[in-house]
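Per-entry structural report
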Amino acid sequence: MEKMMTLNPEQMKAVMHDRGPLLILAGAGSGKTRVLTQRIARLIRELDVSPYQILAITFTNKAAKEMKERVQKAVGEGSEYIQVSTFHSTCVRILRRFCEYIGYERSFTIYDSDDQKTLVKNILKQMNIDSKQFKEKAIMARISKAKDELIDPDRFEAEAADYYDKKIASIYREYQKQLKTCNAFDFDDLICKTVELFRTTPDVLRYYRNRFCYIMVDEYQDTNTAQFELIRLLAEHENEDGEIEKNLCVVGDDDQSIYKFRGANIRNILNFEKYYPETKVIKLEQNYRSTPDILNVANAVIHNNTERKDKKLWTANEKGSAVHYSMYGDETGEADGVSLKIREIMERTGAEYRDFAVLYRTNAQSLSFEKSMRFHNLKAKTIGAVSFFERREIKDVIAYLKTIDNAKDDIATRRVLNVPRRGIGPTTVDKVAAYAAQNELSFYEGLARIEYIPGAERAREKAKSFIALVESMRYEQNNNKLSIKSLIKLVIEETNYMDYLRDDDPETADDRIQNIEALVSYAARYEAEEDEASLTGFLEYCGLNAEEAASEDEEDDGNFISLMTLHNAKGLEFPYVFLVGMEDGLFPSSLSINAEDPISEIEEERRLCYVGITRAMKELFLSSARMRRMYGEQQFNTPSRFLKEIPRYLLDMSTPFNNNYRRQNYMDSEIKDKKPTPAYTKANGDDGYKRHDGGDLSAEPYALNYSKMFTKTGGQTTLSYAEGDTVSHIKFGKGKVISIVKGGKDYEVTVEFPDFGTKKMLSAFANLKKVD
DNA sequence: CGTAGTTTTGTTTTT
DNA sequence: CAAAACTACG
């Protein structure tokens, strides 16, 4: 990209802009990062701005890293003081410092989507909500969307129109409550809780407004409402003359907005000038990446979108080869066609693996390419399917670390409690959770008090030894200042985790062990890089760097063919790009075609297509398959409507149709694997007779219910205290019994504590002791 | 409590 | 066709 040594006039204008809001509409490959870094360099060198006062925000760690490197090159000395970070890590920094103002502890942990899901699941169970009717995924989506739009539970409830929404509102409320009990933020919280902090604590806001005088936001088209608000609040700086300056520079391309489904609000960029009337707008339309034909194709496609700012990419680059299109018989033929083409180009031009990318709509499509590339001896790597930190074994180890670091992190504790198996099952977990909730303890604290929990006798010793294990590791950590690397090793050893992996699934054990080793070296690297390495810091680092980390070992010289989704390809470029699976129903996806608002959803797919096309520098290959297996059955798709938007004369369709490409023997496994169709053994649903023959119903309780639990301990009939007595509680200390009301299964006791206020609790859980 | 067998479900996802 | 999520049994 550094082929242009000088800036073009528009780029120059952007670099020379000094004060006030600036909107840079930067088309794909128009050199925006260069403009951004040059502008930062100029601010420092010519306008005497302190590096410390500059904040540059990106979406991904990768982008932040790249920008840091380039800023370092452009600025040199002092560049390390410029804060270049993602939205999320910017917010984490702020929250680490000031979250106490909004009632969190500074050692908070961050919940990823997996943790969120577990939490929602637990809540559904607790609140006795039918998870058939209220799907976790749907609930999470609603909560996340609400947070993206800065809607808190109160407002959500107020705006809830029907029963369903009201229910969601109550789940949302409980969800937030429990996050707080766990002293945790989810990803969305990081942004909107920072906004909350700014809104409620003017001093903190003032501090940051004065600290960051110049703010730059990259990929601005992908910001959501919460992020917009965050930036809006921040970007108001009072200069020496007491004037308000809004030195906000945003860079984006509305045509590349592909995260609407994740809450990105396209109006943020389309209406930027309305929010900031004094905005200067600069369009960067000269492309330095692709050949004219590739751009013509891109322009032709995106031209069909209605909601966009008018612009047209052009280039002074040399005319290259035409854009190719091929139709194949099925996904196997397509994959082989791509493989062969790559081989041919490599032989013809001397191109390397790293010069190629295969881009597809869904991760599921990667499989046929992986197989084909392996067969044809091409080195390829699938990018981003399952991230390193989402692997089970990694999550387990991390959860141990989280438990050691933050005893309030219930999700982590519950995750590892029975991994490896300790004989503590769901029944015990439920009881402990109920007990903990009743007494406002964390799950871990509840577990530590298991001897007070009626009905959990069976798991008592096991739980105690779990607590002892965690405590001993925590002790090692705190007192012997164990390095994180050693701590991870300690966890592995003490829990016999490797053995667990081996007999859990010998097939995958080796891979998993390798992953854990990768985590150990990842920790070592973190400790080497970070001056103030800490367990909390490491966990945060892991949480915010979801991708990465995995590679490093083996012969990873970075030279491989990239297989990835279109979303993952944003911001990248490759000399040769294969845009595969161009079929209606796949791309654009059938979900967008059949959506409530198909026009806008298909426009988003079209932008995705535009992103894909504009990744290509030299040659672009489009392809589709006539038939493809999806969800286990054959589907016949017509070529994508996006293909029809490309003028015929721009497409080279001379590539022979590859309909009956021979099935290779590597596919044999698939052919011979035709399992007999499962017999229709629809269990003779009627279990009636079974019960009668020999089964003694009364012998074994088929479900442990609460009344059983209580009668076992005899709590129902005898209370050792009465109204007016002074009692003592594990957490709240001494208090006075206000009232005792007999409930169905138990007594509801109201106690007034001097330090904690009045609490209502169930006698069986509260474990109150009379004091004289 | 743990497991094996069954049923359900199915985009994209920077953090 | 797979993976994940349930369910029912030992």
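Scoring rules and cut-offs
- Residues numbered from 1 in each chain as written.
- Chains lettered and ligands numbered in written order.
- Predicted model: local features only at pLDDT ≥ 70, side-chain atom pairs only at ≥ 80, totals over all residues.
- Heavy atoms only, no water.
- Helix = DSSP H or I, 4+ residues; strand = E, 2+ residues; numbered from the N terminus.
- Buried < 20%, exposed > 50% of the residue type's maximum accessible area, 1.4 Å probe, protein only.
- Contact = heavy atoms within 4.5 Å.
- Areas by Shrake-Rupley, 256 points an atom, 1.4 Å probe, with all protein chains shown as cover.
- Salt bridge = Lys/Arg side-chain N within 4 Å of Asp/Glu carboxyl O.
- Disulfide = S-S within 2.5 Å.
- Near = heavy atom within 4 Å.
- Polar contact = N/O pair within 3.5 Å; in protein donor to acceptor, adjacent residues only side chain to side chain.
- Nonpolar A, V, L, I, M, F, W, Y, C, P; charged D, E, K, R; others polar.
- Pairing = 2+ DSSP bridges.
- Axes fitted to C-alpha atoms, helices over the stretch in contact; angles between N-to-C directions.
- Parallel < 35°, antiparallel > 145°, perpendicular 65-115°, else oblique.
- Left-handed = near helix turned anticlockwise from the far one by under 90°.
- Phe/Tyr/Trp six-rings, centres within 6.5 Å; stacked < 30°, edge-to-face > 60°.
- Expected span 1.5 Å × (residues − 1).

Further remarks concern the overall build of chain A. From N to C terminus, chain A includes 33 helices and 26 strands. Counting every position in chain A, which comprises 772 residues, the buried fraction comes to 53%. Within chain A, contacts between residues at least 6 apart in sequence are counted, and of these 75% link residues at least 24 apart. Roughly 37400 Å² of accessible area belongs to chain A as shown, and the carbon and sulfur atoms make up 49% of that amount.

Below, the discussion takes up the pattern of salt bridges. In this structure the tally under the stated criterion is 52 salt bridges. Across the pair Glu 540 and Arg 96 runs a salt bridge whose closest N-O atoms are separated by 2.7 Å. Here Glu 540, found in helix α25 (residues 535–544), pairs with Arg 96, found in helix α4 (residues 87–98); they are 444 residues apart in sequence, far enough to count as distant. Across the pair Arg 206 and Asp 203 runs a salt bridge, and its minimum N-O distance is 3.1 Å. Here Arg 206 pairs with Asp 203, and both are found in helix α10 (residues 202–211), just 3 residues apart, close to one helical turn. Overall, the relative accessible area of 54% leaves Asp 203 in the exposed class. Look at the salt bridges and you will find they share partners, linking Lys 32, Asp 218, Glu 219, Asp 222 and Lys 570 into a network.

Let us look at the state of the cysteines. Among covalent bonds in proteins, the disulfide is the one between the sulfur atoms of two cysteines. One pass over the structure, following the stated rule, counts 0 disulfides. You can see Cys 249 has no disulfide; the closest cysteine sulfur is in Cys 213, sitting 15 Å from it.

Moving on: the environment of Gly 733. With respect to the helices and strands, Gly 733 occurs in strand β23 (residues 733–742). Note: C-alpha distance between Gly 733 and Pro 754 (21 residues apart in sequence) is 8.7 Å. Sequence-distant contacts of Gly 733, that is, excluding residues within four places in its chain, are made with Val 727, Ser 728 and Phe 753.

As a matter of local geometry, DNA strand B sits amid 31 residues, with Arg 262, Arg 361, Thr 427, Thr 428 and Glu 605 nearest to it. Counting only atoms of DNA strand B within 4 Å of the protein, the fraction found in sugar and phosphate groups is 57%. Between DNA strand B and Arg 361, the relevant distance is 2.2 Å, taken from a base oxygen to a side-chain nitrogen or oxygen of the residue. A distance of 2.9 Å is found between a phosphate oxygen of DNA strand B and a side-chain nitrogen or oxygen belonging to Asn 418. Secondary structure elements with two or more residues in the surface near DNA strand B: α19 (426–438), α26 (566–569) and α28 (598–613). Take the surface near DNA strand B: its biggest share by element is 3 residues, from α19. The residue makeup of the surface near DNA strand B, split by class, is 9 nonpolar, 14 polar and 8 charged.

This paragraph deals with the sheet that holds strand β26 (residues 769–771). In space, the 5 strands of this open sheet follow the order β25-β24-β23-β22-β26, with antiparallel pairing throughout. The strands lining the two open edges of the sheet, one partner per strand, are β25 (757–762) and β26. Strand-to-strand twist in this sheet, taken as the mean axis angle between neighbours without regard to direction, amounts to 45°. With 6 bridges connecting them, strand β24 (residues 747–753) and β25 associate as antiparallel partners. When the bridges of β25 are listed, Val 751 appears paired with Lys 759.

Across the 5 residues that make up strand β14 (residues 356–360), a large majority, 5, are buried. Burial of β14 is two-sided: the residues Phe 356, Val 358 and Tyr 360 facing one way and the residues Ala 357 and Leu 359 facing the other way are all buried. When β14 meets strand β17 (residues 574–579), the two strands line up parallel, connected through 4 bridges. Within the sheet, the bridge partner assigned to Phe 356 lies in β17 and is Tyr 576.

On to the packing of α4 against helix α11 (residues 225–234), then. Packing of α4 against α11 leaves a shortest axis separation of 12 Å and a crossing angle of 55°. Classified by the angle between their axes, α4 and α11 sit oblique to one another. In terms of crossing hand, the pair formed by α4 and α11 is left-handed. Judged by residue contacts, Phe 87, His 88 and Cys 91 of α4 engage Gln 227, Leu 230 and Ile 231 from α11. Here the contact of α4 with α11 is built from residues that sort into 4 nonpolar, 2 polar and no charged.

Reading across from one edge, β3-β2-β6-β9-β1-β10 is the order of the 6 strands in this open sheet, with parallel pairing throughout. Two strands in the sheet have a free side with no partner beyond their single neighbour: β3 (83–86) and β10 (280–284). For this sheet the average axis-to-axis angle between neighbouring strands, irrespective of direction, equals 15°. With 4 bridges connecting them, strand β2 (residues 54–58) and β3 associate as parallel partners. Looking at β3, one finds that Ala 56 is bridged to Val 84. On the sheet, helix α2 (residues 32–46) packs against β1 (22–26), β2, β6 (214–217), β9 (248–252) and β10 and is oriented at approximately 175° with respect to β6. In this fold helix α3 (residues 61–75) packs onto β2 and β3, with an angle of close to 165° to the strand it touches most, β3.

In this section: the packing of helix α17 (residues 392–405) against helix α22 (residues 484–494). Each pair of packed helices gets described by two things: the angle between the helix axes and the distance between those axes. Where α17 meets α22, the axes come as close as 10 Å, and the angle between the chain directions of the two elements is 110°. By the angle between their directions, the pair α17 and α22 is classed as roughly perpendicular. For the pair α17 and α22, the contacting residues are Val 397, Tyr 400, Leu 401 and Ile 404 in the first and Leu 487, Ile 488, Val 491 and Ile 492 in the second. Broken down by class, the residue content of the contact of α17 with α22 amounts to 8 nonpolar, no polar and no charged.

All right, on to the packing of aromatic side chains then. The full count for this structure, using the stated rule, is 26 aromatic pairs. A centroid spacing of 4.9 Å and a plane angle of 85° characterise the contact between Tyr 207 and Tyr 208, whose relative ring orientation is edge-to-face. Judged by centre distance (5.8 Å) and plane angle (35°), the rings of Tyr 259 and Phe 261 are tilted. Within the aromatic cluster, the residues linked to one another by ring pairs are Phe 98, Tyr 101, Phe 198, Tyr 207, Tyr 208 and Phe 212.

Take the pairing of strand β19 (residues 627–630) next. In terms of strand pairing, β19 meets strand β20 (residues 633–636) through 4 bridges, oriented antiparallel. Each residue of the ladder has a partner; that of Met 630, found in β20, is Glu 633. The antiparallel pairing of β19 with β20 creates a hairpin that spans 2 residues between the two strands, and Tyr 631 there sits at a positive phi of about 50°.

Let us look at α2. In this model, α2 (15 residues) spans 20 Å end to end at C-alpha, consistent with the 21 Å of a helix rising 1.5 Å per residue. With 11 of 15 residues buried, α2 lies mostly within the body of the structure. Taken as a whole, α2 has its buried residues at Thr 33, Arg 34, Val 35, Leu 36, Thr 37, Arg 39, Ile 40, Ala 41, Arg 42, Leu 43 and Ile 44. Of the residues trailing α2, Asp 48 is marked for its positive phi of about 60°.

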